[in-house]
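Each chain, written out:
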Amino acid sequence: MATNPTPTNDTELLLLCGKLLQGCLELKEDLGIKETLATLLQEQLTSTHAALAEVEKQKAERSTLRKELRDWDQESERVLSRCRLRLAALFGNGYNDQWEAAGFPDRSTMVPEVFAKRLALLAQLAAYFTARPEHESQDMRATTAICEMTHQSLSGVRALVDHHKSILQNAVQKKNEELKQLRKRLRSLIDELGLLLAEDDIRWRRFGLNPPAGEPLPEPVGQAVLTALGQGTVRAQWSPALHALRYHVQMRVMGVGDFATLITLADTEILLPDLPPGEFIEVRVIAANTLEEAAPCPASAVLVG
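These numbers were taken from a predicted model, which means no experiment stands behind them.

### Section: the sheet that holds strand S2 (residues 233–237)
And step 1. In space, the 3 strands of this open sheet follow the order S1-S2-S5, with antiparallel pairing throughout. Edge positions in the open sheet fall to strand S1 (225–230) and strand S5 (269–272), since each of these has one partner strand only. Going from strand to strand, the sheet's axes swing by 20° on average, the running direction of each strand aside.
And step 2. With 5 bridges joining them, S1 and S2 adopt antiparallel strand pairing. Bridged to Ala-228 within S2 is Val-234.

Next comes the structure, spelled out in structure tokens:
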């Protein structure tokens, strides 16, 4: 239905589903809507919300794990820097066979810039200090135990981050499947409404939809009925206008200035308080919808009590 295409935006889709369900609740008996279609849409909407929530939960978990990985990687750089300083005191700053035996890659004595090489160097230094305990330094915190603990923590968090990628991918896939099914349920209900509502029926808007024939212009309101209630209050009432969605209520003191809009509302009755007692007021109503405003109805007058 070109007039009411299925939204491609997820947020718009969810909002439209909510409006459709509200319209079904309000007009189910009047239109004889198949209750199963509304029930299936509600169930699918609930399932989709759950899938969306799961994706957000997993994204939050991903952020937590990524932060933990960054923190441990920064700690690994600090540990490697201390080990480098310890070995420089023993081997000198220039690269030689002793640096190579300790595990420093690429013929460099610097802490590697690549994550995988830092991770590997931690394991190699732990093995080196195990074989050469006399090269450890408790004071400089360059020891087998510290290198092993840092390597285990860093590799453990990295494994969790990698594992969580598949968890998040599955959650996103589930969300997409739920949204796809939700669009099918929504389409079925819209198609059902096409069998129950005329193309120019204004009640399409009760479901958050546009009348397929296009919205007709509103008819003008008949003359409003004014009732003075005393204490500066007047009740204004009028009959509904065909194709109107809302009404602009305008007023002026009789013969003084132009009409001014007091309020816009969907109802057909309003109390106007705090009016000047002893004055005649005039009220007129303008019917409107999303396309246009009708001509104002004839003004009605009443003496404010």
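### Observations regarding unusual backbone geometry
Note: most peptide bonds trans; most residues except glycine with negative phi.
And step 1. Even without a glycine there, the phi angle at Asp-106 is positive, about 60°.
And step 2. With respect to the secondary-structure elements, Asp-106 resides in the loop between helix H3 (97–102) and helix H4 (115–131).
And step 3. The class of Asp-106 is exposed, set by a relative accessible area of 56%.
And step 4. At Gln-231, a residue that is not glycine, the phi angle is positive and equals roughly 55°.
And step 5. Along the polypeptide, Gln-231 turns up in the loop between S1 and S2.
And step 6. What makes Gln-231 exposed here is its relative accessible area of 82%.

### Describing the packing of helix H1 (residues 10–31) against helix H2 (residues 35–91)
And step 1. It is at 10 Å that the axes of H1 and H2 come closest, and there the two elements cross at 150°. As far as their axial angle goes, H2 and H1 are roughly antiparallel. Helix-helix and strand crossings are classified by hand; for H1 and H2 the assignment is left-handed. Together, Leu-14, Cys-17, Leu-20, Leu-21, Cys-24 and Lys-28 of H1 and Glu-35, Ala-38, Leu-41, Gln-42, Leu-45, Thr-48, His-49 and Leu-52 of H2 make up the contact between the two elements.
And step 2. Of the residues belonging to the contact of H1 with H2, the class tally is 9 nonpolar, 3 polar and 2 charged.

### Focus: the packing of H4 against helix H5 (residues 144–196)
And step 1. As a packed pair, H4 and H5 sit with axes 8 Å apart at the nearest point and diverge in direction by 150°. In terms of orientation, H4 lies roughly antiparallel with respect to H5. Crossing of H4 over H5 shows left-handed handedness. When H4 is examined against H5, the residues Phe-115, Leu-119, Leu-122, Ala-123, Leu-125, Ala-126, Phe-129 and Thr-130 are found in contact with a partner set consisting of Thr-144, Cys-147, Glu-148, Thr-150, His-151, Leu-154, Ser-155 and Arg-158.
And step 2. Classifying every residue of the contact of H4 with H5 gives 9 nonpolar, 5 polar and 2 charged.

### Details of the pairing of S2
And step 1. The loop that links S1 with its antiparallel partner S2 comprises 2 residues; one of these, Gln-231, has a positive phi angle of about 55°.
And step 2. Here S2 runs beside S5; their pairing, made up of 4 bridges, is antiparallel. Counterpart to Gln-237 in the pairing with S5 is Glu-269.

### Let's talk about H2
And step 1. With 57 residues, H2 extends 82 Å from end C-alpha to end C-alpha; this agrees with the ideal 84 Å at 1.5 Å per step.
And step 2. Positive backbone phi, approximately 90°, marks Gly-92, located one or two places after H2.

### What to know about a nonpolar patch on the surface
And step 1. A surface patch of nonpolar side chains, about 270 Å² in accessible area, is lined by Met-254, Phe-280 and Leu-303.
And step 2. Its place among the elements puts Met-254 in the loop between strand S3 (246–253) and strand S4 (260–265).

### Side note on the environment of Gly-230
And step 1. Its location among the elements puts Gly-230 in strand S1.
And step 2. Between the alpha carbons of Gly-230 and Lys-180 there is a distance of 59 Å; along the sequence they are 50 residues apart.

Parameters at a glance
Residues numbered from 1 in each chain as written. Predicted model: local features only at pLDDT ≥ 70, side-chain atom pairs only at ≥ 80, totals over all residues. Heavy atoms only, no water. Pairing = 2+ DSSP bridges. Helix = DSSP H or I, 4+ residues; strand = E, 2+ residues; numbered from the N terminus. Axes fitted to C-alpha atoms, helices over the stretch in contact; angles between N-to-C directions. Buried < 20%, exposed > 50% of the residue type's maximum accessible area, 1.4 Å probe, protein only. Parallel < 35°, antiparallel > 145°, perpendicular 65-115°, else oblique. Left-handed = near helix turned anticlockwise from the far one by under 90°. Contact = heavy atoms within 4.5 Å. Nonpolar A, V, L, I, M, F, W, Y, C, P; charged D, E, K, R; others polar. Expected span 1.5 Å × (residues − 1). Patch = residues over 30% accessible without salt bridge, like charges linked within 9 Å, V, L, I, M, F, W, Y side chains within 5 Å. Areas by Shrake-Rupley, 256 points an atom, 1.4 Å probe, with all protein chains shown as cover. Salt bridge = Lys/Arg side-chain N within 4 Å of Asp/Glu carboxyl O.

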